[in-house]
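Below are the chains, spelled out letter by letter.
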Amino acid sequence: MDILAERLRKLRKERKLSRRAVAQATGMAERTYQRYEKAEREPDATSLRLLADFYGVSADYLLGRTEGPG
């Protein structure tokens, strides 16, 4: 399983959010976010930054380059 997809799903579920809520909060289409969580698509740099900021983690954490979210 893709680490980015796994971490996005984990962060969303920990916060008890729907995919729609995350998509709306970050200004992306729900289907686009869904594809990120299913590892069907990878976010561009801007979307990755938006997701990292939204979840309060580093982009490196989302990409699996670090173990801790900080």
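Check the entry above for the structure.
Residues numbered from 1 in each chain as written. Predicted model: local features only at pLDDT ≥ 70, side-chain atom pairs only at ≥ 80, totals over all residues. Heavy atoms only, no water.

Student: Could you clarify how one ought to interpret the packing of aromatic side chains in this entry?
Tutor: Both the distance between ring centres and the angle between the ring planes are used here to describe each pair of aromatic rings. As enumerated under the stated definition, the model contains 1 aromatic pair in all. Geometrically, the ring pair formed by Phe-54 and Tyr-55 is edge-to-face, given 5.0 Å between the ring centres and 75 degrees between the ring planes. In this arrangement the basic side chain of Arg-7 is found over the ring face of Tyr-61, its NZ or CZ atom lying 4.2 Å from the centre. (Phe/Tyr/Trp six-rings, centres within 6.5 Å; stacked < 30°, edge-to-face > 60°. Lys NZ or Arg CZ within 6 Å of the ring centre and 35° of its normal.)

Student: Can you help me understand the pattern of salt bridges in this one?
Tutor: A side chain with one charge may pair with a side chain of the opposite charge, provided their charged atoms come close. For the structure shown, the criterion picks out 9 salt bridges. Close ionic contact of Lys-10 with Glu-14 constitutes a salt bridge, the shortest N to O distance being 3.0 Å. With Lys-10 and Glu-14 both in helix α1 (residues 3-14) and 4 residues apart, this pair spans about one turn of that helix. Classification of Glu-14 as partly exposed rests on a relative accessible area of 45%. Asp-53 is paired through a salt bridge with Arg-49; the nearest N and O atoms lie 3.7 Å apart. Separated by 4 residues within a single helix, Asp-53 and Arg-49 lie in helix α4 (residues 45-55), roughly one turn from each other. For Arg-49, a relative accessible area of 46% gives the class partly exposed. Each of the salt bridges in this network shares a partner with another, and the network as a whole consists of Lys-10, Glu-14 and Arg-15. (Salt bridge = Lys/Arg side-chain N within 4 Å of Asp/Glu carboxyl O. Helix = DSSP H or I, 4+ residues; strand = E, 2+ residues; numbered from the N terminus. Buried < 20%, exposed > 50% of the residue type's maximum accessible area, 1.4 Å probe, protein only.)

Student: Hey, could you run me through the packing of helix α2 (residues 19-26) against helix α3 (residues 30-37) in this one?
Tutor: Helices that pack against each other are described as a pair by the angle of their axes relative to one another and the distance between those axes. Taken N-terminus to C-terminus, the directions of α2 and α3 make an angle of 115 degrees; their axes are 8 Å apart at the nearest point. Judged on the interaxial angle alone, α3 and α2 are roughly perpendicular. With respect to the hand of their crossing, α2 and α3 are arranged in right-handed fashion. Residues Arg-19, Arg-20, Val-22 and Ala-23 of α2 form the contact with α3, whose participating residues are Glu-30, Tyr-33, Gln-34 and Glu-37. Broken down by class, the residue content of the contact of α2 with α3 amounts to 3 nonpolar, 1 polar and 4 charged. (Axes fitted to C-alpha atoms, helices over the stretch in contact; angles between N-to-C directions. Parallel < 35°, antiparallel > 145°, perpendicular 65-115°, else oblique. Left-handed = near helix turned anticlockwise from the far one by under 90°. Contact = heavy atoms within 4.5 Å. Nonpolar A, V, L, I, M, F, W, Y, C, P; charged D, E, K, R; others polar.)

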